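Commentary on secondary and tertiary structure
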Amino acid sequence: MKKDAKILVFIPARGGSKRVQGKNTRPFAGKPLISYTIRMAKTLRGADFRIIVSTEDEKIAQVARRFGAEVPFLRPQSLAQDDSLVADSALHLLARLRQDEGYVPDYIMHLQPPSPLAEAEDVYRCIEALRRDQKADAALTVCSTHPLLYRLGEGSYLELANKKIAVDKRFMRRGRITGFQGQKFHPAYKLNGCFVYLVKYAAFVREKTFQPKRTLAVVVDAWRSIDIDTPDDFVLAETIYRNRQKIRRALASFI
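In this text the structure is predicted, and so the values were computed from the model without any measurement. (Residues numbered from 1 in each chain as written. Predicted model: local features only at pLDDT ≥ 70, side-chain atom pairs only at ≥ 80, totals over all residues. Heavy atoms only, no water.)

1. Side note on the overall build of the chain
Secondary structure summary: the chain contains seven helices and 13 strands in total. Considered along the principal axes of its C-alpha atoms, the chain spans approximately 60 × 45 × 40 Å. For the chain, the residues scored as buried account for 44% of the 255 residues in total. Long-range contacts, defined here as pairs at least 24 residues apart, represent 72% of the contacts in the chain between residues at least 6 apart. In the structure as shown, the chain presents an accessible area of about 14300 Å², 50% of it carried by carbon and sulfur atoms. Between the averaged position of the 44 positive side-chain charges in the chain and that of its 28 negative side-chain charges there is a distance of 5 Å. (Helix = DSSP H or I, 4+ residues; strand = E, 2+ residues; numbered from the N terminus. Buried < 20%, exposed > 50% of the residue type's maximum accessible area, 1.4 Å probe, protein only. Contact = heavy atoms within 4.5 Å. Areas by Shrake-Rupley, 256 points an atom, 1.4 Å probe, with all protein chains shown as cover. Lys, Arg positive; Asp, Glu negative; His and termini not counted. Charge placed at Lys NZ, Arg CZ, Asp CG, Glu CD.)

Quick look at the structure:
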């Protein structure tokens, strides 16, 4: 990645949150939730960053502009439904920017307002990952998680969802887990919200996804990896945010 690369920071913010009403503009530690993502993006250096919020909601647009993001137009309502795909909103934005301004970025960076614990360092690590691996098309952040994933099947009986997981045969019997020792399983990871998706423009337009085939993973702190989707998430994230420096110091001095 060149130092003068054009990076479109794409921040989608729909107004129709069901589980947390008015989520994107709801006060979080004293400021609108979306403001944390915008303010973090505005600290980024080392490339030509352009920050745009994509929303169909005029209130969100006003808040986004107040904190320094562009909202050149409102997203069509057809792209702001419960089943609308974020990638489609990004493709719509790219098409309008190219048509109206002739603007074509080198990369699209997708940041999400429900992840207020994201940091500039997370972005820089994704950029560095793509600089190191010229063949990769994208880099995104993940965090560690438990290697066993369960679901509730018919009758609420417990079922192992990821049955193909690699595990020491001593802990398997008739295809079922009989015990657990973490070091005997391959480490597992999950998308963490996601803090950061960084995708080459050509790959995104070609594959129409923020996670194309050649995607690198950047592992970030699990304790910061909260995607606010429920009231529980909101309260927990706010508590962690207010105490984040204390948590850092405790982890740094942990023996």
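After presenting the structure, the write-up continues.
2. Things to note about the pattern of salt bridges
Under the definition given, this model contains 14 salt bridges. Here arginine 50 makes a salt bridge to glutamate 70, at a shortest N to O gap of 2.8 Å. On the criterion of sequence distance, the pair formed by arginine 50 in strand β4 (residues 48–54) and glutamate 70 in the loop between α2 (58–66) and α3 (86–101) is long-range, its members being 20 residues apart. Classification of glutamate 70 by relative accessible area gives partly exposed; the value is 30%. Here the residues in one salt-bridge network are Asp137, Arg206, Glu207 and Arg214, joined through shared partners. (Salt bridge = Lys/Arg side-chain N within 4 Å of Asp/Glu carboxyl O.)

3. A look at the packing of aromatic side chains
One pass over the structure, following the stated rule, counts seven aromatic pairs. Here phenylalanine 28 and phenylalanine 234 contribute two aromatic rings whose centre-to-centre distance is 5.5 Å and whose plane-to-plane angle is 75 degrees, an arrangement assigned as edge-to-face. You can see phenylalanine 28 sitting in strand β2 (residues 27–28) and its partner phenylalanine 234 sitting in helix α6 (residues 231–242), a full 206 residues away along the chain. Between phenylalanine 204 and phenylalanine 210 the ring centres are 4.6 Å apart and the planes differ by 35 degrees, which places this aromatic pair in the tilted class. (Phe/Tyr/Trp six-rings, centres within 6.5 Å; stacked < 30°, edge-to-face > 60°.)

4. Some points on the side chain of arginine 75
By secondary structure assignment, the location of arginine 75 is in the loop between α2 and α3. In this structure arginine 75 is buried but unpaired, with glutamate 56 as the nearest side chain of opposite charge at 5.1 Å. There is a polar contact of 3.0 Å between the side chain of arginine 75 and the backbone oxygen of leucine 79. Within the structure, the side chain of arginine 75 is placed 3.4 Å from the side chain of serine 89, a separation counted as a polar contact. Beyond its immediate sequence surroundings of up to four residues, arginine 75 is in contact with Pro12, Ala13, Arg14, Ser54, Thr55, Glu56, Ala80 and Ser89. (Polar contact = N/O pair within 3.5 Å; in protein donor to acceptor, adjacent residues only side chain to side chain.)

5. Topic: α2
Here α2 has its buried residues at Ile60, Ala61, Val63 and Ala64. End-on view of α2: buried residues confined to an arc of 165 degrees, all on one side of the axis. Seen from the open side of α2, the exposed residues pointing more than 90 degrees away from its buried face are Lys59 and Arg66. On its buried side, α2 packs onto β3 (31–32), α1 (33–42) and β4. The N-cap of α2, judged by a side-chain oxygen 2.9 Å from the amide nitrogen of lysine 59 a few residues on, is aspartate 57. (Arc of directions from axis to C-beta.)

6. Quick word on a nonpolar patch on the surface
Taken together, the side chains of Tyr150, Leu152 and Leu158 make up a nonpolar region of the molecular surface, amounting to roughly 330 Å² of accessible area. As for its position among the elements, leucine 158 is in strand β8 (residues 158–160). Accessibility expressed as a relative area gives 52% for leucine 158, which makes it exposed. (Patch = residues over 30% accessible without salt bridge, like charges linked within 9 Å, V, L, I, M, F, W, Y side chains within 5 Å.)

7. A short note on the nonpolar core
Counting residues in each nonpolar core, the largest one holds 50 residues, and the members touching the most others are Phe28, Val53, Met109, Leu111 and Leu198. When near neighbours in sequence (up to four residues on either side) are disregarded, leucine 111 contacts Val9, Phe10, Ile11, Pro12, Thr37, Met40, Ala41, Val123, Phe195 and Val196. Phe10, Ile52, Leu97 and Phe204 belong to the second largest nonpolar core, which has 20 residues in total. (Core = buried A, V, L, I, M, F, W, Y, C linked by side-chain atoms within 4.5 Å.)

8. Thoughts on the environment of glycine 68
Of note, glycine 68 is situated in the loop between α2 and α3. On the basis of relative accessible area, glycine 68 is assigned to the partly exposed category, the value being 34%. Measuring from C-alpha to C-alpha, the distance between glycine 68 and lysine 42 comes to 7.7 Å, with 26 residues separating the pair along the chain. Apart from the residues lying within four places of it in its own chain, the contact partners of glycine 68 are Ile38 and Lys42.

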